[in-house]
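Notes for the structure review
The chain contents come next:
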Amino acid sequence: MSIFSKIKSAIFGEHGPLGSGHFGTPKADAPAPAPQTTAAQPAPTPTPAAPTPQAAPAAPAQAVDVEAVLSGIASKKGSDLNWRTSIVDLMKLLDLDSSLDNRKELATELGYTGAKDGSAEMNMWLIKAVMRELEKNGGTVPANLKD
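These lines cover the structure that appears in this document, whether it is placed above or below. (Residues numbered from 1 in each chain as written. Predicted model: local features only at pLDDT ≥ 70, side-chain atom pairs only at ≥ 80, totals over all residues. Heavy atoms only, no water.)

1. As for helix H4 (residues 100-110)
This is how it is decided: Any residue under 20% of the maximum accessible area for its type is buried, any over 50% is exposed, and the rest in between are partly exposed; the area is computed with a 1.4 Å probe on protein chains only. To qualify as a helix, a DSSP run of H or I must reach at least 4 residues; to qualify as a strand, a run of E must reach at least 2; elements of each kind are numbered from the N terminus. Within this analysis, the arc is defined by the directions that extend from the helix axis to the C-beta atoms. Contacts were defined at the residue level, with two residues in contact if any of their heavy atoms lie within 4.5 Å.
What H4 keeps buried is the set Asn102, Arg103, Leu106, Ala107 and Leu110. One side of H4 carries all its buried residues, which in axial view fall inside an arc of 145°. Among the exposed residues of H4, those pointing more than 90 degrees away from its buried face are Asp101 and Thr108. On its buried side, H4 packs onto helix H1 (3-12), helix H3 (87-93) and helix H5 (120-136). Where H4 terminates, the next one or two residues include Gly111, which has phi positive at roughly 90°.

Structure (structure tokens):
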């Protein structure tokens, strides 16, 4: 799994703070059992004029408020990490390895073309690029976090 995928999963995904749903949608309950029919009850015949529930368009997925999720994680942990401006702190907040090797890998994934040396320039670019990618993937990110 890519470094960005780990970040995204920690915020949106299966084991993230939103529970088992993705992009803010709640986990679907187990499907209800099909009603039992007996020989005494004939099965209903579908009417062609009535649309089936499956034919209705699916509701759009609800966007995830990235800042609220991350603030909530920081609050629960009692953390004062500066995740808004530091890629290292963001990764630490999400319990991910923030080593230079992982940040280099993340930089490669996201298309960073500068020197992958852990410089302030690289790290500042990474935090903004991660926020932009989270937005592209269904997150709501305030402009000050991605620009």
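2. Some remarks on the side chain of Lys146
Condition: Pairs of N or O atoms are called polar contacts if they sit within 3.5 Å, as long as, within protein, a hydrogen donor faces a hydrogen acceptor (for residues adjacent in sequence, only side-chain-to-side-chain pairs).
Assignment of secondary structure puts Lys146 in helix H6 (residues 143-146). One polar contact links Lys146 to Glu135, side chain to side chain, over a distance of 2.6 Å. Excluding anything up to four places from it in sequence, Lys146 contacts Lys128, Met131, Arg132, Glu135 and Val141.

3. Description of the packing of H1 against H5
Selection rule: Only the stretch in contact is used when fitting a helix axis, every axis being a line fitted to C-alpha atoms; angles between N-to-C directions are given from 0 to 180 degrees. Note that the term roughly parallel is reserved for angles under 35 degrees, roughly antiparallel for angles over 145, roughly perpendicular for angles of 65 to 115, and oblique for everything else. Definitions for this section: a left-handed crossing has its near helix turned counterclockwise from the far helix by less than a right angle. A right-handed crossing has that turn clockwise. Three classes are used, and their members are as follows: Ala, Val, Leu, Ile, Met, Phe, Trp, Tyr, Cys and Pro are nonpolar, Asp, Glu, Lys and Arg are charged, and the others, Gly among them, are polar.
Relative orientation of the contacting elements H1 and H5 amounts to 60°, with a least axis distance of 11 Å. The angle between H1 and H5 falls in the class oblique. Both H1 and H5 take part in a crossing whose hand is right-handed. Across the interface between the two elements, Phe4, Ile7, Lys8, Ile11 and Phe12 of H1 pack against Val130, Glu133 and Leu134 of H5. Taken together, the residues of the contact of H1 with H5 sort by class into six nonpolar, no polar and two charged.

4. Comments concerning H5
An α-helix turns once per 3.6 residues; consequently, residues spaced three or four apart project the same way. For clarity, the cut-off: Helix span, expected: 1.5 Å multiplied by one less than the number of residues in the helix.
Here H5 contains 17 residues, and its C-alpha end-to-end distance of 24 Å stays within 8% of the 24 Å for a straight helix at 1.5 Å per residue. Structurally, H5 contributes buried residues whose contacts are with H1, helix H2 (66-77), H3, H4, strand S2 (139-140) and H6. Note on H5: the residue one or two positions beyond its end, Gly138, has a positive phi of about 110°.

5. Some thoughts on the nonpolar core
To keep things clear, this is the line we draw: Grouping buried Ala, Val, Leu, Ile, Met, Phe, Trp, Tyr and Cys residues that are joined through side-chain atoms within 4.5 Å yields what is termed a nonpolar core.
In terms of nonpolar packing, the biggest core is built from 33 residues, with Leu70 and Met131 touching the most fellow members. Secondary structure elements with two or more residues in this core: H1, H2, H3, H4 and H5. Contacts of Met131, omitting those with residues within four sequence positions, involve Val66, Leu70, Trp83, Leu90, Val141, Leu145 and Lys146.

6. Here we look at the packing of H1 against H4
Between H1 and H4, the least distance of the axes is 8 Å, while the angle of their chain directions is 95°. Regarding the angle of H1 to H4, the classification is roughly perpendicular. Where H1 abuts H4, its residues Ile3, Phe4 and Ile7 lie against Asn102, Glu105, Leu106, Glu109 and Leu110. Class assignment for the residues of the contact of H1 with H4 results in five nonpolar, one polar and two charged.

Function-wise, these values are silent; they only describe arrangement.
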